[in-house]
Amino acid sequence: MNASYFLGIDIGTQGARVVLIDSAGDIIAEESEGFKLSNESREEQVPMDWWLSCLRSLHRLVASARQVIDVELILAVSVTSTSGTVIPLDADNIPLHHAIMYSDKRSAREGELCRQLALEHNGDGYTGFNSSSGLSKMVWFVNQYPGKAAQIHKWIHATDYIIGMLCGKWAITDFTNVLKSGFDLARNCWPEYLYKKLPLKKSWLPEVQAPGVPVYTIRAGLANALGLPETLVVVAGMTDGCASQVASGAVNPGDWNTTIGTTLVVKGVTRLALKDPEDSLYNHRHPDGYWMPGGASNTGADWVTKDFGNNLEGVMAQAAQLIPTQKIAYPLRQQGERFPFIAPDAVGFEMEGMSDPERFAANMEGVAYIERYAYEKIQKLSGEKIHAIYTAGGASNSDIWLAIRSSVLNLPIYKMKHVTGAFGAAILAASNTKFAGIVEATRALTQIDKEVHPQTGLVAAYNRNYALFLQALQDKGYLKREVHA
């Protein structure tokens, strides 16, 4: 069988990244280019700047790849980008305005209106609208720019813009990008309240496909300019969080991914959508029809460099000798928790009198306890067993933290070799062009870098300490009730 290759494109907040992989999941070439950012870049960015950075990166990647492979064997490309970033297009598919970024907080009032209407008219669908939601930004734009609004032909997302530039198809988006734009994933439609209760038009809303569905082939002129085959298939994309979940390997029912960076984010796969009474979880739709619930804590690994940056290696090595501790620490470094429990007044705490190594070890354990509570809550809501945890983020580089987490969770933890959004987009590109879906593609293209299993002695100790941690949260009034799977 001939070799085959797949392109993934990630348009992030600060730059573009492109990656080319083969059918074994090895990276053949990768390139990136940062954006020139201004003080306003968290509110608005210029889509053409994204495209030009992407285009230059693709030129360099193809030139590099040509030295080692036959680029005519590149089969498909897909794209990932930020969730909640939206762009209004005119009838010629030209942006009427800069991209309104997910991090733009100017639509807070509109977000509250969207939330209220969703609760009233589509209460069993997505209702978590706020200033970071695409729907809120659409309503805000119409209110702020009525002249431009009269010229709107379509609203699209950041991912859709790059796909449009690649293949010339502009009115197609995917399940993951439309969640925060108000699409009803259970009924597979745009709810009527969007255009009957809000100042939007039904014709503005794009066609929705499953991620990984082939959209069209690359524009012939672009293929020639880049030196790519004119048969290259452009595949429907995904949000960056979902693409990273795919890259992590968590695509089967019962698989979950924990990414611990500044915050702790969990995403997984269930057969049924989860309904959380606290509304701390949301549900994406899996390309194969399952559900992809997720939630984000305000607790994470931001304390590592803030508290121990001057002596990180030394204190980590000493902390490794102290586990399991019998110390309790909740390393929340801002006020308020949003997942796995809602506690607007929560602040971090720790036992007094600890040395730096004890504090470091107790903080690692505290984050692991939050992770365990999240998964116990998820198992209770879903009634479905969690089989394994896949991991990414800076915390996954620590062997001792992986050992703590595996034993606290009493589950195996897997870290893949490549866990970027661009790599996830490349898997998506392959999912229906070479493989029979995202599960088969992910199995074939991901490579395990680390595999960690629970240690019996640690599991017993951490079961005891976890109960003490929950009690401490209850004593503070942050946790109203226990959740046990």
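Before any of the text, the structure's been laid out above.
1. A closer look at the pairing of strand β20 (residues 388-392)
Of all 5 residues in β20, 5 are buried; the element is thus mostly enclosed. The alternating pattern of β20 places Ala-388, Tyr-390 and Ala-392 on one face and Ile-389 and Thr-391 on the opposite face, and all of these are buried. Bridge count between strand β14 (residues 255-260) and β20: 5 bridges; the pairing is parallel. Bridge assignment links Thr-259 to a residue of β20, and that residue is Ala-392. You can see the chain leave β20, run along helix α13 (residues 399-409) and come back into strand β21 (residues 413-416), and the turn it takes is right-handed.

2. Quick look at the environment of His-153
For His-153, the position within the fold is in the loop between α4 (146-149) and β8 (154-157). Taking the C-alpha atoms as reference points, His-153 and Arg-333, separated by 180 residues in sequence, lie 44 Å from one another. With residues near it in sequence (within four places) discarded, His-153 still touches Leu-89, Asp-90, Ala-91, Asn-93, Ser-203 and Trp-204.

3. So, unusual backbone geometry
The residue after Ile-323, namely Pro-324, is reached through a cis peptide bond having omega -5°. Looking at the secondary structure, you find Pro-324 in the loop between α11 (312-320) and β18 (329-330). Cis rather than trans, the peptide bond between Phe-339 and Pro-340 has omega equal to 10°. Following the sequence through the fold, Pro-340 ends up in the loop between β18 and β19 (349-350). Here the phi dihedral of Asn-93 falls at roughly 65°; this positive angle occurs in a residue that is not glycine. Position of Asn-93 among the secondary structure elements: in the loop between β6 (86-89) and β7 (99-100). One non-glycine residue, Asn-188, adopts positive backbone phi at about 60°. Inspection of the secondary structure assignment puts Asn-188 in the loop between α6 (175-178) and α7 (193-196). Accessibility expressed as a relative area gives 48% for Asn-188, which makes it partly exposed.

Definitions and cut-offs
Residues numbered from 1 in each chain as written. Predicted model: local features only at pLDDT ≥ 70, side-chain atom pairs only at ≥ 80, totals over all residues. Heavy atoms only, no water. Buried < 20%, exposed > 50% of the residue type's maximum accessible area, 1.4 Å probe, protein only. Helix = DSSP H or I, 4+ residues; strand = E, 2+ residues; numbered from the N terminus. Pairing = 2+ DSSP bridges. Right-handed = clockwise from strand over helix to strand, strands pointing away. Contact = heavy atoms within 4.5 Å.

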